[in-house]
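Each chain is listed here by its residues.
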Amino acid sequence: MKLVRFLLTFAVTVGFIVALSIRMGSIPPLGKFLDPFNGFWHNATIELDQDAEELKIPGLTDKVTITYDEFLVPHIYAQNDHDLYLAQGFITARHRLWQMDFQVQAAGGRLSEILGEGPNGAYLDFDRTQRRYGLVMAAQNSIDQISKDEKSMEVVQAFTDGVNAYIAALPYEGLPVEYKLLDYKPENWTPLKTALLLKYMANTLSGRDMDLESTNAVNVLGMEMFNKLYPDMSASDDPIIPRGTEYDFEGDRPTPPDSIYTGATTRSQMEKPHPHNGSNNWAVSGERTSTGAPLLANDPHLRLSLPSIWYVMQLSSPEANVYGATLPGAPGVIIGFNENIAWGVTNATRDVRDWYKIQFRDSSREEYKFDDQWLKTQKKIEKLLVRNGEVVYDTIIMTHLGPVTYDRTFGDSSEYNNYALRWTAHDPSNEMITFHRINRASNLEEWQEAISTFTNPAQNFVFASKEGNIALKVQGKFPIKFENQGKFLMDGSRSDMVWKGFIPAEENAMVVNPPRGFVSSANQIPVDSTYPYYVYDASYETYRNRRINNRLSELKRATPEDMMRLQLDNYNLKAAELVPAMLDTLEFSELGAEEKELVNVLRRWNFYNNANSTAASIWEVWYDKLYRLTWDEIFAQDIPMRYPSDFTTIDLLTKEPGFALFDVVETSEKETAPDLFRMSLEQAADSLANWKEKEGEEKFEWGRFKATEIRHLMRLPGMGVDYVESGGNSSIVNATSKYHGPSWRMVVSLEDSVQAWGIYPGGQSGNSGSKYYDNMVDMWAKGEYMPLYFLKPGESLSEPLYEQTLTP
């Protein structure tokens, strides 16, 4: 009997131990996770921000010293570049390892390995999309190119070695909590992963083409209406390169073929980057500043997340001394300054992705037509590992135009819709050397040479120097196109549809020291019609840039505080250009009591989307209802469609109130713009009343109504910030919407001793148990900045958080 009891107890104990050691569904292995010494308690209860004063790091050749300031910003001092980048890799991994690892797993289409196939196969579909976009292929092409340059390879390899030195010394208890929750371990870092991270950014910033939606729109609306609703440019555009700029080269505008339109309809679309990705930057000449020194400002607008996309640091060696925002996973500083220059970037909105319809010879897809030939395809078999699931294989057909992303097995799964993607990001490139050189540039000429190597994602690089120069260049690898090329799905069997070549880097649009005394960009159209190449994109911004230029034109003795105020500017130019017309056409006496109240609030509005503004909430809801009512014919389609821009919408509403499409399909009357204003106001009143009732609020102040949220990178509950009170919105200089916004605000004054300020909505630590995980969020929301302590070699902080020495 004792033996039976012993065996029974033993079996139960073993079962319990096994149950604690394995992952069950979304529940991590509880034994390891709840271990009081090594589990998640370690991340939550132990101060992890401060390391030992001295650490031995394999691979270093000399001593490296690191001083952390009050914001946990590391100031790294190395005796040579190799050690500098190795230390950068080590320290970045120390604070952001899981984020780095997870982002490249996502970029490479490997989320299913960690998370399983997901609800309705969502993670697996995401992985297949990433593979079919060719991101890994693009990263490999970049590494092949980088490996041809000894310096570039040395930089990325040293960074890689630093990351791996940290991983090698990392015990289980030191793992970021996400690894414990999801029950997996970090892999070693590789140069390919750094390249993959940069391609992930390329997709985020240049992956929102509208070729297929535009083709569908022509099929539904006809070409005449398409051209009316989606003009390439307008007379009100305020291009990045000021109108009237003269170009001293001939350029090339190829003659279009007789027909460029295939007529194919696409029934479904792959997921695309968010439309609110964008940025602002500008530089002001010393002739227009209070100190006589140039000022530079930059704020990239990306999805707000924790850990934050940026990690701030100072990197110093005998060859460089640079400070700014880094991308965890890539060496060097991306946006920042050194002793002589400052620079920043905004996305150079430009169509660098085109789609081609491929005609296969037969169902074997071994050959495809190109003019009078049948070319051979290549088949790339992707192996996708799925946690707790079977291995999935996906065959991707490769052509000389790119991967056939849409075919009978994915996307618009029609036998006849085989679409290949031609994308400049697939081409060999070396962005690594760009930032290595920018970090060391000391004047305009060196900066120009440095950015000439940058290809994708195309950026508007802004520049200011201590010497007094300001400049802005639209830099990237841009195809030479005939008019309308790439606007629609093209016929991949015709050689006259293929890109003719690329615009030489020296002929990319640029402006230096313009007479107006400032340069700026905010994702608007880059040039006017006099630029000698065809320029097109489906999503130019039209409001932030005009507001920025108006304000900069008014400043005569600009200060850093003026730059900060402009970054935080909540003026809603879009509303200012439509609300008066909306109010003027309403018959006030015919409105209900609630609508009259809304109108009276709007009549007193100063057009600022401040957090405490009630009028801003009314406007945003009213415009949203108006927009959907205006384009009800387009929203009614069950296929992906391109939608008219806000600028075009407002232009038509104010100038052509009887425009044919303003008629609402569901009614028997024929509506005009004033009818739409009244109908949408009624809908807005109902929507706002419902919101107040649901939320239990007496007012609908904009900050509460918008309810900006900063979510964890993987949406893990309890690891984000659920509510951030802030003003602004997309199309406003302070482009803070619900989930997007300024991810890094920086202002630099190029005085004899460079002064700089910055802030981002997060914190330096990636550990959610650290007080430095989200300590900057409140400052960011209030419009405050932290001082960026730019130390000279040998200089010390008066009150460092702590100091550390890394030794070989």
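Residues numbered from 1 in each chain as written. Predicted model: local features only at pLDDT ≥ 70, side-chain atom pairs only at ≥ 80, totals over all residues. Heavy atoms only, no water.

An α-helical segment advances 3.6 residues per turn. Residues three or four places apart therefore align on the same side. The end-to-end C-alpha separation of helix α6 (residues 122-133) is 16 Å, in line with the 16 Å expected for 12 residues at 1.5 Å each. Of the residues making up α6, those classed as buried are L124, D127, R128, T129, Q130, R131, R132 and Y133. In the stretch just after α6, G134 is the one whose phi turns positive, near 80°. (Helix = DSSP H or I, 4+ residues; strand = E, 2+ residues; numbered from the N terminus. Expected span 1.5 Å × (residues − 1). Buried < 20%, exposed > 50% of the residue type's maximum accessible area, 1.4 Å probe, protein only.)

Overall, mixed pairing links the 6 strands, which are arranged β14-β15-β16-β17-β11-β20 in an open sheet. Strands at the two margins of the open sheet, each flanked by one partner only, are β14 (378-384) and β20 (490-491). Pairing of strand β11 (residues 353-357) with β20, which is carried by 2 bridges, proceeds in the parallel orientation. When the sheet's bridge partners are listed, K357 is paired in β20 with D491. (Pairing = 2+ DSSP bridges.)

Regions with low pLDDT carry predicted coordinates that are not meant to be interpreted in detail. Here the protein averages 92 in pLDDT, and 93% of its residues register 70 or above. Every residue in residues 6-10 is under pLDDT 50, and counting partners more than four places away or in other chains gives 0 contacts. (pLDDT = per-residue confidence, 0-100. Contact = heavy atoms within 4.5 Å.)

Okay, the packing of aromatic side chains next. Inspection of the entire model under this criterion finds 31 aromatic pairs. Aromatic side chains F249 and Y533 sit 6.3 Å apart centroid to centroid with 35° between the ring planes, which places their arrangement in the tilted category. Within this pair, whereas F249 is found in the loop between α12 (223-229) and β4 (278-284), its partner Y533 is found in the loop between β22 (518-521) and α15 (544-554), the two being separated by 284 residues in sequence. Of the two residues, F249 and Y533, neither departs from the other in class, the shared state being buried. With 4.9 Å between their ring centres and 55° between their planes, W691 and F705 make a pair best called tilted. Taken together, the residues W691 in helix α22 (residues 673-695) and F705 in helix α23 (residues 702-706) connect sequence positions 14 residues apart. Accessibility expressed as a relative area gives 15% for W691, which makes it buried. Pairwise contacts between aromatic rings join W619, Y623, Y627, F635 and Y643 into one cluster. (Phe/Tyr/Trp six-rings, centres within 6.5 Å; stacked < 30°, edge-to-face > 60°.)

A few words now on the nonpolar core. A general trend in soluble globular proteins is that nonpolar side chains are found buried together. Of all hydrophobic cores here, the largest spans 168 residues; its most connected members are F337, W447, M563 and W744. For this core, the element with the most residues is helix α4 (residues 81-107), which contributes 14 residues. Residues in contact with F337, not counting those within four places in the same chain, are N321, V322, Y323, A342, W343, M746, V748, V754, A756, L788 and F790. (Core = buried A, V, L, I, M, F, W, Y, C linked by side-chain atoms within 4.5 Å.)

Our next topic: the packing of helix α19 (residues 614-630) against helix α21 (residues 646-655). Helix-helix packing is characterised by the crossing angle of the two axes and by the distance between the axes. Between α19 and α21, the shortest axis-to-axis distance is 12 Å and the interhelical angle comes to 80°. With respect to each other, α19 and α21 are oriented roughly perpendicular. Taken together, the residues of α21 that come into contact with α19 (itself represented by Y623, L626, Y627 and T630) are D646, T649, I650 and L653. Grouping the constituent residues of the contact of α19 with α21 by class yields 5 nonpolar, 2 polar and 1 charged. (Axes fitted to C-alpha atoms, helices over the stretch in contact; angles between N-to-C directions. Parallel < 35°, antiparallel > 145°, perpendicular 65-115°, else oblique. Nonpolar A, V, L, I, M, F, W, Y, C, P; charged D, E, K, R; others polar.)

For strand β8 (residues 320-326), a buried count of 7 out of 7 residues is recorded, marking the element as mostly surrounded by other parts of the structure. Here strand β7 (residues 311-317) runs beside β8; their pairing, made up of 7 bridges, is antiparallel. Across the sheet, residue Y311 finds its bridge partner in β8, namely T326. Pairing between β8 and strand β9 (residues 335-338): 4 bridges, direction antiparallel. Across the sheet, G324 pairs through a bridge with G336, a residue of β9.

Of note, the bond from L306 into P307 is cis; its omega dihedral lies within 30 degrees of zero at -5°. Tracing the backbone shows P307 in the loop between β6 (305-306) and β7. Geometrically, the link from N456 to P457 is a cis peptide bond, its omega value of 0° lying close to zero. For D183, which is not glycine, the phi torsion reads 60° and is therefore positive. Phi is positive for R715, close to 65°, though the residue is something other than glycine. Within the secondary structure, R715 sits in the loop between β23 (708-712) and β24 (721-724).

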